[in-house]
Amino acid sequence: MATLDILIPHYNDADGLALALRSIASQTWDGSIRVVVADDGSRPEARDAARVLGEGFAHPVTFLANARNRGRPYTRNVLLDAIDSPFVAWLDAGDEWYPEKLAVQFAALAEAEAAAPGQALWMSCHYHWKWLDQQAHRIKRQLTDQDQVRALLVGTDLRAYLWTLLGRAETFRNVGWFDERLPRLQDLDYFLRFVLKRGRIIEPGRLEALCVYHKSDLGRSAAQIRQCNAYIFDKYRVLYNRYGRKFRRTRLYHMEMHSARFAANNDDHALARTYMWKAARARPRLFLRHLRRRGFRIRP
Amino acid sequence: MSEGVATGAPAEAAIDAASDEALERFRHGKTVAVVIRMLADRSGGAERIYIELANMLAARGYEVTCLHYDATRGKPFFALDPRIELINLHPDPVPFRYRLMRWASRRRFLPRPWRQKWGWAAANDIFISQLRDYFTLRRPDVVLTFMPPANTPALIAAAGTGIKVIPTNHNVPAEDYTSPERWDPNPIDRAARLAALDHAARIHVIFPRFGEWFPDHLKSRIVAMPNYVSEEIVRAAPAPRREPVILAVGRLAKVKNYHTLLAAWGLIAADHPGWKVVIYGVGPQLKVLKAEAARLGVEESFLLEGHRGNLGEEYARMSIFCHPAHFEGFGLSAAEALALGMPVVAFSDCAGVNEFVADGDNGLMVERSGGAEALAAALRRLIEDDALRERLGAAGPASVAGFTQERYAERWIALIEELTDPSGTPHGDA
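The written sequence of each chain sets the order in which its residues are numbered from 1. All chains are assigned letters beginning with A, and all ligands numbers beginning with 1, in the order in which they are written. Under the rules for a predicted model, residues below a pLDDT of 70 receive no local features and side-chain atom pairs below 80 are neither given nor counted, while totals for whole chains, interfaces and linings still include all residues. By convention in this description, side-chain values take in all heavy atoms of the structure and omit both hydrogens and water.

**Q** Hey, could you go over the overall build of chain B for me, with residue numbers and the actual values?
**A** Numbering of helices and strands starts at the N terminus; helices are DSSP runs of H or I of at least 4 residues and strands are runs of E of at least 2. Broken down by element type, chain B carries 18 helices and 14 strands. For chain B, the C-alpha atoms occupy an extent of roughly 85 × 70 × 40 Å along the three principal directions. Note on contacts: a residue pair qualifies if any of its non-hydrogen atoms lie within 4.5 Å across the two residues. Taking the contacts inside chain B whose residues are at least 6 apart along the sequence as the reference set, 67% of them involve residues at least 24 apart. Total accessible area on chain B is roughly 18,800 Å²; 54% of this is exposed by carbon and sulfur atoms. A 1.4 Å probe and the Shrake-Rupley method give the accessible areas. Residues count as covered only by the protein chains that appear here.

If you want it as structure tokens, here you go:
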């Protein structure tokens, strides 16, 4: 049995998978690793290419495949079900870890576990955020010393990205299966459930980023994003309510603007305007401020 | 699940349908919400049962969410299974309107009916609104609520939603529903407590006899489930030779009636110099009891020992258990004492104890009208008659053998399954 299972969902992106695998191979952490790739019904050539990438890889690779496309949460459940090692990390095809990531996180996790025995911990990290069509990296910090439920709902300085995490296998099993009604944002749901189950997200306390997120809105359905946002908003309504009416309406505003961004970046400007109008209704003042500063432009 | 294949194997072997078995495996369990009003840092018996029931359900595959409404940010005193979600529904901060209502409800110059209305609204409106949002948006399969301060808001919140709510009652119903001394003294609350039961799918009581108190139209929904003696307690081994100690365990509060035990001991202490009384528990009557013991000259043999963790060992080594309470929902300490072979002395009208202590079988039941003298006579009889003490003690474990955690869990699961069975009756919400 390996010490660490690295779980990677894959769908029609062999190049992205190659990038992710290269970043695993370059890790300085010297523990034993098993990589589990779950293909989610990719086209045959993409699936075969993904499988071939694992052959001769520096670490053992287990390749799982769905016969047809079943969506990201189902595939994450396949991966969750395949866990065999005491520790788990996630990586998405197309994202990348820096060589120090695992070494730093394992050392910090051991220290944190010694300080808080019995506490369920997920070790996250700061990361670089890089838009695919831009050169600049922007560092995003995971600020964990705060009300984590509120921070996850806000999603500004504590974001629900599985590929930043290292944790014990049972902490993931205890959260349970991913919600298959969430083709998008299933990570946020999963993080919220972890925190509601008294889990704590921590970070190693280093200033630098340990991984990079190659960000792109292209090809992603704004309507689906909005639907998932609405589902999360309903599912966790009592949490939004807890922080007051203004908080709730501000989150609604940001959800609409978030969906509008996806629509605009996929050139569906009519839909983007619709979502912006809904955002304006949720928090008129915030929307006016946005208009004053940036007009109708919403790309960050 | 999808088939796993190490790389290098033929491509076909790696391909496996997302099988029905996997779909079944990833399916979420039935959802149960368990509601209590106050949970943070509370170590009472009801809170313990609340947590243990939630843990039992989680261990059996249910998806459990514990909902509470605490103004403070404390954590549950008892360990909650890491698979269980815990959500505090209390707003942070409380909206100004409700703070104003609370303030106004305490101003004596305002008319009493206004103060009562605002006081009740300030205490319950947000809780009800949060529960209603949770019920309508999350649609839990079953909701279990603990004690009137959570039962009433949950039942009001569920009204008309089709959500099946089972309020649990952990005391004598007449006390919980009509006594102005228990729970919220606001008459609006007292009226709402009983009226809200119309929306219950089932109504839990500890013993069948407690169900007889409820109005006729609710009686068909009553389910009786006694509590249980924890496995930790039963694990202790009874000592072959017991110490000459009369034990009592419980909160030092008026309802436990330790004054009568003290008065009884004052009558017989001088005749039994080798014996003493030990009470484990804390509470508001500590100082008064100490002062009274000193006044009676029994402070050396009437010992108030405070909180004790490993009670099993205490039951196992002491001789007589005395429980002079006025009433109980479930006399847990008396049941625990019986489980470890102690004869019990109690008043015969003490509900929640007289359900399982039978005079002359596993203890001595005393007429309350006889007061301290009658209690003293029963204690004296047991102190002086070794054979009687041993016979009654030996009958104890069998008399509470049905109160096991396993059986308790089975009863709850049977009830939840009955309510969530698609072929069963649709809903108890009248």
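**Q** Can you break down a nonpolar patch on the surface residue by residue, with the values?
**A** All names here are of chain B. Patch criteria: residues need more than 30% relative accessible area and no salt bridge. Like-charged residues are merged within 9 Å; nonpolar side chains of Val, Leu, Ile, Met, Phe, Trp and Tyr are merged within 5 Å. Salt bridges are identified by distance alone: a Lys or Arg side-chain nitrogen within 4 Å of an Asp or Glu carboxyl oxygen. Nonpolar side chains collect at one region of the surface, where Phe96, Leu100 and Trp103 lie side by side and expose about 360 Å² of accessible area between them. With respect to the helices and strands, Trp103 occurs in helix 4 (residues 96–105). Between buried and exposed lies partly exposed: a residue is buried under 20% and exposed over 50% of the maximum accessible area for its type, with that area taken using a 1.4 Å probe on protein chains only. Classification of Trp103 by relative accessible area gives partly exposed; the value is 48%.

**Q** How would you summarise the environment of B:Lys164 if you had to cite specific residues and measurements?
**A** Residues and elements named next belong to chain B. Position of Lys164 relative to the elements: it lies in the loop between helix 6 (148–158) and strand 6 (165–168). Residue Lys164 is classed as buried on the basis of its relative accessible area of 15%. The spatial distance from the C-alpha of Lys164 to the C-alpha of Thr420 is 8.7 Å, given a sequence separation of 256 residues.

**Q** Explain the packing of aromatic side chains to me, and be specific about the residues and the numbers.
**A** Only rings of Phe, Tyr and Trp enter the pairing, Trp through its six-membered ring, and a pair is recorded when the two centres are within 6.5 Å. The plane angle decides the type: under 30 degrees is stacked, over 60 is edge-to-face, the rest tilted. With the rule as written, the count across this model stands at 34 aromatic pairs over all chains. Measuring from centroid to centroid gives 5.7 Å for B:Phe207 and B:Phe210, while their planes differ by 90°, and the two rings are edge-to-face. Accessibility classification places B:Phe207 together with B:Phe210 in one group, the buried group. Members of the aromatic cluster, connected to one another through ring pairs, are A:Trp90, A:Trp122, A:Phe172, A:Phe178, A:Tyr190, A:Phe191 and A:Phe194. Positioned above the aromatic ring of A:Tyr243, the side-chain terminus of A:Arg150 is 5.3 Å from the ring centre. Whether a charge sits over a ring depends on NZ of Lys or CZ of Arg being within 6 Å of the ring centre and within 35 degrees of the ring normal. Here the basic side chain of A:Arg273 rests over the ring of A:Phe296, its NZ or CZ set 4.6 Å away from the ring centre.

**Q** With reference to specific residues and values, describe the pattern of salt bridges.
**A** According to the stated counting rule, one finds 36 salt bridges over all chains in the structure shown. With a shortest N-O distance of 2.5 Å, B:Arg73 and B:Asp92 are connected by a salt bridge. Of this pair, B:Arg73 sits in the loop between strand 3 (63–68) and strand 4 (85–88) while B:Asp92 sits in the loop between strand 4 and helix 4, and the two are 19 residues apart along the sequence. Given a relative accessible area of 63%, B:Arg73 falls into the exposed group. A salt bridge links B:Arg202 to B:Glu418; its shortest N-O distance comes to 2.6 Å. One end of the pair, B:Arg202, is in the loop between helix 8 (187–195) and strand 7 (203–205); the other, B:Glu418, is in helix 18 (residues 405–420), with 216 residues separating them in the sequence. Using a relative accessible area of 15% as the deciding quantity, one classes B:Arg202 as buried. The network of salt bridges with shared partners includes A:Asp179, A:Arg181, A:Asp189, A:Arg193 and A:Lys235.

**Q** Describe a positive patch on the surface, and please don't skip the residues or the numbers.
**A** Residue and element names in this part refer to chain A. In summary, the charge assignment counts Lys and Arg as positive and Asp and Glu as negative, without counting His or the chain termini. Think of each charge as sitting on NZ of Lys, CZ of Arg, CG of Asp or CD of Glu. A grouping of Lys246, Arg285, Arg289, Arg292 and Arg293 is seen on the molecular surface, where their side chains present a positively charged patch. With respect to the element layout, Arg292 can be found in helix 12 (residues 284–294). Using a relative accessible area of 67% as the deciding quantity, one classes Arg292 as exposed.

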